[in-house]
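Understanding the architecture of this molecule
Spelled out, the chains give:
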Amino acid sequence: MELQGFEVSEVRLAIIASLVAILSGCAGSTASTAQVGHPPVQTAAEWSSSQQVKLQQLLHGTPYALSEVSGGWLIRIAEKDTFNPHRPELLLPAALGSIGQITRHLAQDPDVAVMVVGVATGQYKLKSKEQVSVERAQSVASIFRLNRVPGHRLKTLGVSQGAHIDTHLGVALLVVPEQDLHRRAAEGHTQVVAMLNRD
């Protein structure tokens, strides 16, 4: 009888050891999965460098200019050949292809957010420049929405005042890390206007 009791104890110990091994293996597997599912967060410099390469390739062959600004990149799009001279808030059909290509690319990058800045500094027959600037931003933003860019990654702003603004601009796309967009919007109008100065 003592022998049988000893064997039962051994069996119990073996079962307990097996359960511990199984649970440890599951925990290790879960940790490994978590590591694979969450890539390391990029530093600001790494994000900027990565975006520079992507945006330069994207804009190759277009008339649009790319410039680095504090914490992001600015795509500068001229008024001429982009907006209808008779309906200055509306995009020309010829511009839809290039702008659509940019929006599709940015829509697919979840780490990126965009502030669409409509610029209007001239005199217009039927609308004020303030209204034209806002509607230009909305026109371009509508293309982002068609490409399913969610609202938390998209802001619009109209700019019509500024002594040093590049008067050739029709719209600018401020590309920033997704988590920085709301902070940029809260910083206000003045900081954005400074980015639109003539080179």
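Placed above this text is the structure.
Since this is a predicted model, take the numbers as computed values, not measurements.

**Observations concerning the overall build of the protein**
A tally of regular secondary structure across the protein gives six helices and five strands. Going from N to C terminus, the protein has its helices and strands arranged as α-α-β-β-α-β-α-β-β-α-α. Burial statistics for the protein: of 199 residues in total, 37% are counted as buried. Nonlocal contacts in the protein, meaning residues at least 24 apart in sequence, comprise 75% of its contacts between residues at least 6 apart. As displayed, the protein offers around 11900 Å² of accessible surface, 58% of which is attributable to carbon and sulfur atoms.

**Observations regarding the environment of Gln101**
Its location among the elements puts Gln101 in helix α3 (residues 93-107). Each C-alpha atom, one on Gln101 and one on Leu58, is 8.0 Å from the other, the two residues being 43 residues apart in sequence.

**Describing the packing of helix α2 (residues 44-59) against α3**
Close contact between α2 and α3 brings their axes to 10 Å; oriented N to C, the two are set at 155°. Classified by the interaxial angle, the pair formed by α2 and α3 is roughly antiparallel. In terms of crossing hand, the pair formed by α2 and α3 is right-handed. Between α2 and α3, the contacting residues are Lys54, Leu55, Leu58 and Leu59 on the first element and Gln101, Ile102, His105 and Leu106 on the second. Along the lines of polarity and charge, the residues of the contact of α2 with α3 split into five nonpolar, two polar and one charged.

**Thoughts on the side chain of Arg76**
Position of Arg76 among the secondary structure elements: in strand β2 (residues 72-78). Here Asn197 takes part through its backbone oxygen, which lies 3.0 Å from a polar atom of the side chain of Arg76.

**Considerations on the nonpolar core**
As a rule of thumb, soluble globular proteins bury nonpolar side chains together. With 28 residues, the main nonpolar core has Ile75, Val116, Val140, Phe144 and Leu173 as its most contacted residues. One finds Met115, Val117, Leu169 and Leu174 within the second-largest nonpolar core, a separate group that totals 17 residues.

**Details of the pairing of strand β3 (residues 112-119)**
Most of β3 is tucked away: eight of the eight residues are buried. Side chains of β3 alternate between two faces, with Val112, Val114, Val116 and Gly118 and Ala113, Met115, Val117 and Val119 buried alike. Where β3 lies against strand β5 (residues 169-177), seven bridges are found, and the strand directions are antiparallel. Of the residues in β5, the one forming a bridge with Met115 is Leu174. Both β3 and strand β4 (residues 154-159) contribute to a ladder of six bridges, which runs parallel. Bridging from a neighbouring strand, Val114 pairs with Leu154 of β4. You can see the chain leave β3, run along helix α4 (residues 129-146) and come back into β4, and the turn it takes is right-handed.

The rules behind these values
Sequence order sets the numbering: in each chain, residues are counted from 1 along the sequence as written. Two thresholds apply to this predicted model, a pLDDT of at least 70 for residue-level local features and 80 or more for giving and counting side-chain atom pairs, whereas whole-chain, interface and lining totals are computed over all residues. To obtain the side-chain values, all non-hydrogen atoms of the structure were used and water was disregarded. Numbered from the N terminus, helices here are DSSP runs of H or I no shorter than four residues, and strands are runs of E no shorter than two. Relative accessibility under 20% of the residue-type maximum defines a buried residue, over 50% an exposed one, and the middle range a partly exposed one, all with a 1.4 Å probe and only protein chains included. Only heavy atoms matter for contacts: two residues are in contact if any of them lie within 4.5 Å across the pair. The method behind every accessible area is Shrake-Rupley, applied with a 1.4 Å probe, and residues are considered shielded solely by the protein chains displayed. With axes taken as lines fitted to C-alpha atoms, and helix axes fitted only over the stretch in contact, angles between N-to-C directions fall between 0 and 180 degrees. Small angles under 35 degrees read as roughly parallel and large ones over 145 as roughly antiparallel, with 65 to 115 read as roughly perpendicular and the rest as oblique. It is the rotation of the near helix from the far one that decides the hand of a crossing: anticlockwise by less than a right angle makes it left-handed, clockwise makes it right-handed. Polar here means any residue outside two lists: the nonpolar Ala, Val, Leu, Ile, Met, Phe, Trp, Tyr, Cys and Pro, and the charged Asp, Glu, Lys and Arg; Gly therefore counts as polar. A 3.5 Å cut-off defines polar contacts: any pair of N or O atoms within that distance qualifies, except that in protein one atom must be a possible hydrogen donor and the other a possible acceptor, and neighbouring residues in sequence count only when both atoms are side-chain atoms. Buried Ala, Val, Leu, Ile, Met, Phe, Trp, Tyr and Cys residues form a nonpolar core when they are joined through side-chain atoms within 4.5 Å. Here, strands pair whenever DSSP counts at least two bridges between them. By the criterion used throughout, a crossover qualifies as right-handed when its path from the first strand across the helix to the second strand runs clockwise, the strands pointing away from the viewer.

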